[in-house]
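Inside the fold
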Amino acid sequence: MEGGLLVGRIILGIIMLAAWVNREYKLRCSEKIDQPAWLAYATAIIEAVGGASLLVGIFVVPSAFLFNLTNGRSDFAGKTSDGFNRWI
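What counts and how
Residues numbered from 1 in each chain as written. Predicted model: local features only at pLDDT ≥ 70, side-chain atom pairs only at ≥ 80, totals over all residues. Heavy atoms only, no water. Helix = DSSP H or I, 4+ residues; strand = E, 2+ residues; numbered from the N terminus. Buried < 20%, exposed > 50% of the residue type's maximum accessible area, 1.4 Å probe, protein only. Contact = heavy atoms within 4.5 Å. Areas by Shrake-Rupley, 256 points an atom, 1.4 Å probe, with all protein chains shown as cover. Axes fitted to C-alpha atoms, helices over the stretch in contact; angles between N-to-C directions. Parallel < 35°, antiparallel > 145°, perpendicular 65-115°, else oblique. Left-handed = near helix turned anticlockwise from the far one by under 90°. Nonpolar A, V, L, I, M, F, W, Y, C, P; charged D, E, K, R; others polar.

A tally of helices and strands in the protein yields four helices and zero strands. Beginning at the N terminus, the succession of helices and strands in the protein can be written as α-α-α-α. With 88 residues in all, the protein has 26% of them scored as buried. Long-range pairs, those at least 24 residues apart, make up 52% of the contacts in the protein with a sequence separation of at least 6. For the protein, the accessible area works out to roughly 6,000 Å², and carbon and sulfur atoms hold 69% of it.

Structure representation (structure tokens):
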């Protein structure tokens, strides 16, 4: 069981580190839904740091919490027609 968790953690960490390489795509997607550019960069940084922490095996729970926050923001903003502007 622990070997499977280790392999899963390593694969997920590598995928999340790839988010830093692909940060310009996040910026374009963020502009499409009228979100500020700093949110796209903050998301890429959170995913890269969280991916590195998953690879090393430290701060796994706080990283998962931050992943959920960033994914929730993007899901909410992408599914509403006005993004967050509707609620402000």
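This brings us to the environment of Gly50. Tracing the backbone shows Gly50 in helix H3 (residues 37-56). When its relative accessible area of 4% is taken as the criterion, Gly50 is described as buried. Once residues within four sequence positions are removed from consideration, Gly50 is found in contact with Ser63 and Phe67.

Moving on: the packing of helix H1 (residues 2-21) against H3. Where H1 contacts H3, the axes come no closer than 7 Å and their chain directions differ by 155 degrees. Of the possible angle classes, the one that applies to H1 and H3 is roughly antiparallel. Here H1 and H3 pass one another in a crossing that is left-handed. Where H1 abuts H3, its residues Arg9, Ile10, Leu12, Gly13, Ile14, Met16, Leu17, Ala19 and Trp20 lie against Ala44, Ile45, Glu47, Ala48, Gly51, Ala52, Leu54, Leu55 and Val56. Taken together, the residues of the contact of H1 with H3 break down into 14 nonpolar, two polar and two charged.

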